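Listed here are the chains, written in short residue letters.
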2 protein chains.
Amino acid sequence: MTQPQDASTCAELAGRVIAAAKAAGTSLATAESLTAGMIAATLAEVPGASAVLQGGVVSYSSSVKARVLGVDPALLAERGSVDGEVARQMAEGARRACGADLAVSATGVAGPDAHDGKDVGTVFLGFASGSGSGFTEHRFAGDRAGIRFSSTVAALELLASHLVPSKHTA
Amino acid sequence: MTQPQDASTCAELAGRVIAAAKAAGTSLATAESLTAGMIAATLAEVPGASAVLQGGVVSYSSSVKARVLGVDPALLAERGSVDGEVARQMAEGARRACGADLAVSATGVAGPDAHDGKDVGTVFLGFASGSGSGFTEHRFAGDRAGIRFSSTVAALELLASHLVPSKHTA
């Protein structure tokens, strides 16, 4: 996983995601817990993002994860909100709620304190498309701001990785 | 309307909103179009924000405004998405979807191009609480990034203005 230095790297990555989504005709959605809107906001920095960005859900509380995204309440009660399967269901929920082709999600512990028995820096990213869904697990170093930034960059990279193979659909 | 110079002013304002919401026992939600998550993400910069921040909806497309936030599709068809009544309904929808006490929303034209017959810099902010709902209208100067930043600051100020009178409920 690359560790970009600054916000300009993040903006460049967002520009690549939007361009790739436009080229593939793929609409996008997000479901964000610890990043709380940073992924969607970074994508929307790109002029013309509205051609592909449908929107997203900031599911900061477990209640919003269940109510708006349809994450299984029993799963949340059993494993807490920082979990790979929760991330996968968040992405599925965002894709469904926003009517998008491809969705990414992020849930994790930004700190300063551990949460639900998970260490600070533990982050799960979910993805969902017409081909299926899944999640990735990460351990990010840094403070609250650094962990949220690293999570945003990794989510944009995850979107990019799902868009690059779509060249043949152009 | 004040025009803060930098991100630190924004973070200070977010800190005041979270502290006031905690003191008043008021939970918060957002509905964001042109800011696309910046308001919620700024609130979540504050450690412990999860005590009051429920979440929000990034309703970048009209479809998400109608589907997830329950904005009247006939209103969207008639007036477009940059409109005061749309902003008010977005805030109502976020409050309902997230089960929050107080919600703020933002819809407007960040540019670079005019949209739905509205000039770049035209922004409507909505608010909704148990006491009622409404909206404010703004004309912000600057480029795409500046207009989105000014909208975020104004939304945080709007939240603060609704929280200060709540001292007696502590």
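Residues numbered from 1 in each chain as written. Chains lettered and ligands numbered in written order. Predicted model: local features only at pLDDT ≥ 70, side-chain atom pairs only at ≥ 80, totals over all residues. Heavy atoms only, no water.

Peer 1: Go over the overall build of chain A with me, naming the residues and quoting the values.
Peer 2: Within chain A, the regular secondary structure consists of 6 helices and 5 strands. Its helices and strands in sequence order give chain A the pattern α-β-α-β-α-α-α-β-β-β-α, from N to C terminus. Its C-alpha radius of gyration of 15 Å places chain A within 12% of the 15 Å reference for a compact globule of 170 residues. Taken across its 170 residues, chain A has 58% of its residues classed as buried. (Helix = DSSP H or I, 4+ residues; strand = E, 2+ residues; numbered from the N terminus. Rg over C-alpha atoms; globule rule 2.2 N^0.38 Å. Buried < 20%, exposed > 50% of the residue type's maximum accessible area, 1.4 Å probe, protein only.)

Peer 1: Tell me about the side chain of A:Ser27, residues and numbers included.
Peer 2: With respect to the secondary-structure elements, A:Ser27 resides in the loop between helix 1 (7-24) and strand 1 (28-32). Beyond its immediate sequence surroundings of up to four residues, A:Ser27 is in contact with A:Val52, A:Gln54, A:Gly99, A:Ala100, A:Asp101 and A:Leu102. (Contact = heavy atoms within 4.5 Å.)

Peer 1: Explain the layout of surface pockets to me, using residue names and the numbers behind them.
Peer 2: Each pocket or cavity is described by its volume, and for the largest pocket that value is around 660 Å³. Around the largest pocket sit 21 residues that line it, and A:Met38, A:Glu45, B:Met38, B:Thr42 and B:Glu45 are the ones nearest its centre. Among the secondary structure elements, those contributing two or more residues to the lining of the largest pocket are helix 1, helix 2 (38-43) and helix 6 (144-163) of chain A together with helix 1 (7-24), helix 2 (38-43) and helix 6 (144-163) of chain B. When the residues that make up the lining of the largest pocket are grouped by side-chain class, the tally is 13 nonpolar, 4 polar and 4 charged. (1 Å grid on protein atoms, 1.4 Å probe; cavity = no way out; pocket = protein on both sides within 12 Å on 5 of 7 lines; lining within 4 Å. Points joined across faces, edges and corners; volume = space filled by probe spheres on them. Nonpolar A, V, L, I, M, F, W, Y, C, P; charged D, E, K, R; others polar.)

Peer 1: So, the pattern of salt bridges: which residues are in play, and what are the values?
Peer 2: Overall, the coordinates contain 10 salt bridges over all chains when judged by the stated rule. Residues A:Arg16 and A:Glu12 are paired through a salt bridge, measuring 3.3 Å at the closest nitrogen-oxygen approach. Residue A:Arg16 and its partner A:Glu12 are located together in helix 1, separated by 4 residues, close to a single helical turn. Residue B:Arg88 pairs with B:Glu92 through a salt bridge whose shortest N-O separation is 3.2 Å. Remark: B:Glu92 and B:Arg88 occur in helix 5 (residues 84-98); sequence separation between them is 4 residues, near one turn of the helix. Residue B:Glu92 is classed as partly exposed on the basis of its relative accessible area, which comes to 26%. Linked by salt bridges that have partners in common, A:Glu85, A:Arg88 and A:Glu92 make up one network. (Salt bridge = Lys/Arg side-chain N within 4 Å of Asp/Glu carboxyl O.)

Peer 1: Residues and numbers for the sheet that holds strand 4 (residues 122-129) of chain A, please.
Peer 2: Across the sheet, 10 strands lie side by side as 5(A)-4(A)-3(A)-1(A)-2(A)-2(B)-1(B)-3(B)-4(B)-5(B); this open sheet has mixed pairing. Every other strand in the sheet has two partners, leaving strand 5 (132-139) of chain A together with strand 5 (132-139) of chain B as the edge strands with one partner each. Between one strand axis and the next, the sheet turns through 15° on average, direction left out of account. Pairing geometry for strand 4 (residues 122-129) of chain B and strand 5 of chain B, over 8 bridges, is antiparallel. Considered in strand 5 of chain B, the bridge of B:Ser129 is made with B:Gly132. With respect to the sheet, helix 6 of chain B is in contact with strand 1 (28-32), strand 3 (102-108), strand 4 and strand 5 of chain B, its orientation differing from that of strand 4 of chain B by roughly 25°. (Pairing = 2+ DSSP bridges. Axes fitted to C-alpha atoms, helices over the stretch in contact; angles between N-to-C directions.)

Peer 1: Break down the environment of B:Ala44 for me, citing the residues and quoting the values.
Peer 2: One can find B:Ala44 in the loop between helix 2 and strand 2 (53-58). Measuring from C-alpha to C-alpha, the distance between B:Ala44 and B:Gly55 comes to 9.5 Å, with 11 residues separating the pair along the chain. Among all residues touching B:Ala44, those that are not within four sequence positions of it are A:Ala36, A:Tyr60, A:Arg144, A:Arg148, B:Ala49 and B:Leu53.

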